Amino acid sequence: MKDWKTLQPDKIKLMQKHYTQGRAGAEVEFVVLHHLAGIGRTADVWQWWQTRQASAHYVVEIDGLIGQLVWDRDTAWANANTWANQRAITIEHCNSAVGDATGWPISDKTLEEGSHLVAAGCLYY
């Protein structure tokens, strides 16, 4: 992360669809964590979501780099629930292996940087 205090990510690649501008008057109340069910970087995730009605505010890559896909002021489509989407900052974490047999692991670096992002988001909001 370039700046934890102002939530400046390492990378920005904004979705052009599959999110909603604004938050319909809602304020950020919580953070929702997901894993990607895949291995990919910010640009990969952006590409995957071009054909899938899904998005998140941030993705934490396997090496801990953080990319932003939806501005915090907008509503990402991550929770399959409009109410929750409008009130959440959503963070996707890259897996280090894929499939049920692997247990969908997440690297220590991804977990560490994701934890810092959650803490920074909580302080910011």
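Rules of the game
- Residues numbered from 1 in each chain as written.
- Predicted model: local features only at pLDDT ≥ 70, side-chain atom pairs only at ≥ 80, totals over all residues.
- Heavy atoms only, no water.
- Salt bridge = Lys/Arg side-chain N within 4 Å of Asp/Glu carboxyl O.
- Helix = DSSP H or I, 4+ residues; strand = E, 2+ residues; numbered from the N terminus.
- Buried < 20%, exposed > 50% of the residue type's maximum accessible area, 1.4 Å probe, protein only.
- Phe/Tyr/Trp six-rings, centres within 6.5 Å; stacked < 30°, edge-to-face > 60°.
- Lys NZ or Arg CZ within 6 Å of the ring centre and 35° of its normal.

(A) Quick look at the pattern of salt bridges. Evaluated as defined, the whole model comprises five salt bridges. Across the salt bridge formed by K11 and E61, the nearest N and O atoms sit 2.9 Å from each other. Separated by 50 residues along the polypeptide, K11 in strand β1 (residues 11–12) and E61 in the loop between β4 (58–60) and β5 (66–68) bring together distant segments of the chain. For K109, the salt bridge is made with E113, and the minimal N-O distance between the two is 3.4 Å. Taken together, the residues span about one helical turn, with K109 and E113 both in helix α3 (residues 108–124) at a distance of four residues. On the basis of relative accessible area, K109 is assigned to the partly exposed category, the value being 40%. A residue is classified by how much of its surface remains accessible, and E113, at 11% relative accessible area, is buried. By sharing partners, the salt bridges in this structure join K11, R41, E61 and D63 into a single network.

(B) Layout of the environment of E112. Note that E112 resides in helix α3. Along the sequence, E112 and V60 sit 52 residues apart, while their C-alpha atoms lie 9.7 Å from each other.

(C) Inspection of the packing of aromatic side chains at higher detail. Inspection of the entire model under this criterion finds two aromatic pairs. K13 extends its terminal NZ or CZ atom over the ring of W46, reaching a point 4.1 Å from the ring centre.

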